[in-house]
Amino acid sequence: MSYDVVIERTVLKSIKKFPSHDIQRIKEALKKVRTFPEGLDTKKISGTKNIYRIRVGNYRISFELERREREMRHRKMLC
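Every chain begins its residue count from 1, and numbering advances along the sequence as written. With pLDDT at 70 or above as the cut-off, local features in this predicted model cover only qualifying residues; side-chain atom pairs require 80 or more to be listed or tallied, and sums for whole chains, interfaces and linings still use all residues. To obtain the side-chain values, all non-hydrogen atoms of the structure were included, while hydrogens and water were left out.

Caption draft 1: Spotlight on the overall build of the protein chain. A count of helical and extended segments in the protein chain gives two helices and five strands. With a 1.4 Å probe rolled over the protein chains alone, any residue whose accessible area is under 20% of its type maximum counts as buried; one over 50% counts as exposed, and the rest are partly exposed. When each of the 79 residues of the protein chain is scored for burial, the buried share is 33%. Note on contacts: a residue pair is in contact if any heavy atoms of the two residues lie within 4.5 Å. For the protein chain, the share of sequence-separated contacts (at least 6 apart) that also reach a separation of at least 24 residues comes to 43%. Approximately 5700 Å² of the protein chain is accessible, and the part contributed by carbon and sulfur atoms is 47%. Put simply, DSSP marks the helices as runs of H or I at least four residues long and the strands as runs of E at least two long, and each gets a number from the N terminus on. Each accessible area is a Shrake-Rupley result for a 1.4 Å probe, and residues are judged covered by the shown protein chains and nothing else.

Structure below.
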């Protein structure tokens with residue numbers, strides 16, 4: 001199953017400030033998120049219903065899985 005990935009504008013602004021090699025690694029991870037959970041080391045965030053996180057180098061990417069719409073939204077980038 002493949003999901004659509006929707007990245008919030010504030011996250012895009014933050015990512016643009018990262019070093020180029022980190023941006024590339026994040027892009028690769030986001031491609032893998034589309035096939036959640038295959039090929040990813042995801043962790044469910046405790047106390048939430050459907051929010052997960054993945055680690056990309058020094059960054060953590062949290063996302064919400066919306067099963068009805070088959071859509072993932074990246075909520076924020078944690079450094």
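Caption draft 2: The arrangement of the pattern of salt bridges in detail. Think of a salt bridge as a Lys or Arg side-chain nitrogen and an Asp or Glu carboxyl oxygen that are within 4 Å of each other. Counted according to the given criterion, the structure contains one salt bridge. Salt-bridge contacts for Lys31 lead to Glu28; the nearest nitrogen and oxygen are separated by 3.7 Å. Note that Lys31 and Glu28 are positioned in helix α2 (residues 20-33) at a spacing of three residues, about one turn of the helix. For Lys31, a relative accessible area of 55% corresponds to the exposed category.

Caption draft 3: Representation of the pairing of strand β4 (residues 59-66) within the structure. Buried residues dominate β4, accounting for seven of its eight residues. At least two bridges found by DSSP between two strands are what make those strands a pair. Linking strand β3 (residues 51-56) back to β4 in an antiparallel pair, the connection comprises two residues, with Gly57 at a positive phi of about 60°.

Caption draft 4: Geometry of the packing of aromatic side chains. Side-chain rings of Phe, Tyr and Trp, where Trp is taken by its six-membered ring, are said to pair if the distance between their centres is within 6.5 Å; with planes under 30 degrees apart they count as stacked, over 60 as edge-to-face, and otherwise as tilted. The full count for this structure, using the stated rule, is two aromatic pairs. A ring pair is formed by Phe18 and Tyr59, whose centres lie 4.4 Å apart and whose planes are at 20°; its orientation type is stacked. On the criterion of sequence distance, the pair formed by Phe18 in the loop between α1 (9-15) and α2 and Tyr59 in strand β4 is long-range, its members being 41 residues apart. Ring centres of Tyr52 and Phe63 lie 6.0 Å apart, and the angle between their planes is 25°; on these two criteria the pair is classed as stacked.

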